[in-house]
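# Survey of secondary and tertiary structure
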Amino acid sequence: MTGFASFDDFLAHPRITDLALSHDGTRLVATISVLRDDGDKLVDSLWEIDPSGAVDAARLTRSDKDETGPCFHPDGSLLFVSARDADDDSPAALWRLPAVGEAERALTRPGGVAQVAVARDDDIVVVATSALPGSDVESDEKRRTARKQAKVAAVLHESTPVRFWDHDLGPDEPRLHATTLGSGAAPVDLTPVPHRALDEASCTLTPDGSTVLTSWAVFDEPGFPRARLLAIDTASRDQRVLADDPDASFGAPAVSRDGRKVVCVREQDATYESAPLVSLWLVDLQTGEGRELVSDPDVWPGSPAFSADGSSIFFLADELGHRPVFRLELASGAVTRVTASGHYAAVHVAPDGMALYALRDAVDSPPRPVRLDAAATDGVAVELRAPGAAAVPGTLEDVVVTATDGTAVRSWLALPEGASAASPAPLLLWIHGGPLSSWNGWSWRWNPWLMVARGYAVLLPDPALSTGYGADMIRRGWGEWGGAPFTDLMTVTDAVADRRDIDETRTAAMGGSYGGYLANWVAGHTDRFRCIVTHASLWALDQFQGTTDIPGYWVKEWGLLADRPERYAQWSPHHSLGKITTPMLVIHGDKDYRVPVSEALRLWWDLQRAGVESSYLYFPDEGHWILKPGNARVWYETVWSWLGTHLHGEAWRRPELL
């Protein structure tokens, strides 16, 4: 149970979040979060990882202001983003760490530096920054100072969106600036009037630095953005549309090593009748001609990267509780699974084409840097030396049951040590969010092993609407969130509760976001659970649709309330309030803009007025996720107390800091 006996032990685990490979393939750098000495914050720093796996990792940076977004310059120096050596309210700058010597500040902007793209063969760097509308660098700084001195925080919005996840948008807007670090010349604003086109955009550079490839949002009608794929000349600032579809968005571009082709993710919009479809889109940069790749509706590819010789593309896709690396041969269209198991991210292709470097995690393993054979089929990852390894306090099983309509529904079951017929474990049904998601990787925010360490068996099902099981699995729950997803959950729970190592008399359910929606739906449609925990949950769909940060996204599936109220009436959990008898713990953050706190306020009020045993854990300074160490500790302590009271009959223990 090392590392999971207490939340503080768990919090002390180093967390690997990003990976960067040098252009010559000789250096590998990871971003690792480590708890600050005062225990108040996780701090990101950069570590050197040996690509051969022979040498231990070495820490490169030690600021307490975070160093993130590592990428390599052609001269071998390491670029990163940080607010080190700055006042508390100063924005992050671009820093440069040479192979020998100390880091130095390379570029500042009044609105800070958010992300960086670097050319492979030339000293051309593109940074994403923010500026007030109509401002150049000088006027932007003056206007920011004036707002600060006048204590003005107001924003005048003239279009949507106005906020995103946990932060407000505006008054500034993202822009792309190009510069050559060695020349000392002022950066060139490539996008002087972007409005909100670059919100959450992803971009990359051609090897010679002549062209930026970026997603670019357009608004055909208010509230319904879609993204084109744009090419911007870094010298002339001319823009060229490479991919545009009124019913689809393009993003996550990657360029071939010869600079002739770009591949990106193409997502076809959802409709009232059907879920989105995801594929890859290949464009010839000289002719502008494009074609679709991986158009199989059962496969949702993401994070594409070209092979070294450009003959194939590597991509990631959810599959049966995993997220493997796949290889697509451009000539034949053949797709091969490169990795046998695990959940992968941050894939980098070695220049010689022989190896891939990536982060691998799994439900029972935190992210680790690994090396893969690029030509393998169902290959095994070679783990590289880095901090953060962890042995979980239990075992993980793959469980498959048959749903009422004959569909195979699979789940992960995490069991505590010692669970047996003689000592059956209480069961916690943990429902994932999304809803287009899957239990297929490690989670630092919602970690089942902290529950397993306290003797609970944790069931992690992938019901209808889960990804990695084909289009039919999503179709089963589309527009019917409380239908097949709910019956799938109950079928899986019934099957697992029948096991001799599970105590069927002591069961609880919990979920967050869409999982919170289902937790609320469960509460109104069965009394089989002793208690329920509902986090950042949807309660009244008619209220939620107009207050979430991206209402247009939900309208595609649910329709406009005034035009198509049927689904809101049939599938909103609040209509079943009168049937709820199960004790409920409601949790929400005030800065949650995806599922606004109004959902929790109404749910809490309704439960109190209905006489349902309930408590409300409220975080004024958190968003959709509870991220601050102290708050996260209180989150787990409250949930543990709630479960202990209702599953073990323990006296309620209010967390000491509440």
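Preceding this section is the structure that the text describes.
Below you will find a few notes about this structure. Computed from a predicted model, the values in this text were never measured in an experiment.

Thresholds applied
Residues numbered from 1 in each chain as written. Predicted model: local features only at pLDDT ≥ 70, side-chain atom pairs only at ≥ 80, totals over all residues. Heavy atoms only, no water. Helix = DSSP H or I, 4+ residues; strand = E, 2+ residues; numbered from the N terminus. Buried < 20%, exposed > 50% of the residue type's maximum accessible area, 1.4 Å probe, protein only. Contact = heavy atoms within 4.5 Å. Core = buried A, V, L, I, M, F, W, Y, C linked by side-chain atoms within 4.5 Å. Axes fitted to C-alpha atoms, helices over the stretch in contact; angles between N-to-C directions. Parallel < 35°, antiparallel > 145°, perpendicular 65-115°, else oblique. Nonpolar A, V, L, I, M, F, W, Y, C, P; charged D, E, K, R; others polar. Salt bridge = Lys/Arg side-chain N within 4 Å of Asp/Glu carboxyl O.

## Section: the environment of V127
Here V127 lies in strand β10 (residues 125-131). Of the residues examined, V127 reaches a relative accessible area of 1% and is grouped as buried. V127 has contacts with L94, L107, V113, Q115, V116, R175, L176 and H177, leaving out every residue within four places of it along the chain.

## Focus on unusual backbone geometry
Between T160 and the following residue, P161, the backbone shows a cis peptide bond with an omega angle of 0 degrees. Among the structural elements, P161 can be located in the loop between α2 (137-149) and β11 (163-164). At the junction of G170 and P171, the peptide bond is cis and its omega measures out at 5 degrees in the coordinates. The topology assignment puts P171 in the loop between β12 (167-168) and β13 (173-179).

## Section: the nonpolar core
One finds L413, L429, W481, V496, Y517, I580 and L607 to be the most contacted residues of the largest nonpolar core, which totals 54 residues. No other element matches helix α6 (residues 514-523), which puts 7 residues into this core. For L607, the contacting residues outside a window of four places in its chain are L577, I580, M584, V586, V612 and S614. Judged by nonpolar contacts, the second largest core, of 40 residues, contains L11, W444, V452 and A632.

## Overview of the packing of helix α5 (residues 484-497) against α6
The contact between α5 and α6 brings their axes to 11 Å, and the two run at 75 degrees. Between α5 and α6, the crossing angle belongs to the class labelled roughly perpendicular. When α5 is examined against α6, the residues P485, F486, L489 and M490 are found in contact with a partner set consisting of Y514, L518, W521 and V522. Per-class residue counts for the contact of α5 with α6 are 8 nonpolar, no polar and no charged.

## Side note on the pattern of salt bridges
In this structure the tally under the stated criterion is 36 salt bridges. In this structure, the salt-bridge partner of D244 is R228, at a minimum N-O distance of 3.0 Å. Of this pair, D244 sits in the loop between β18 (239-243) and β19 (248-255) while R228 is found in strand β17 (residues 225-233), placing the two residues 16 residues apart along the sequence. We classify D244 as partly exposed; its relative accessible area is 38%. In this structure, D245 engages R266 in a salt bridge whose closest nitrogen and oxygen atoms are separated by 2.6 Å. Of the two residues, D245 is situated in the loop between β18 and β19 and R266 in strand β20 (residues 261-268); the sequence distance between them amounts to 21 residues.

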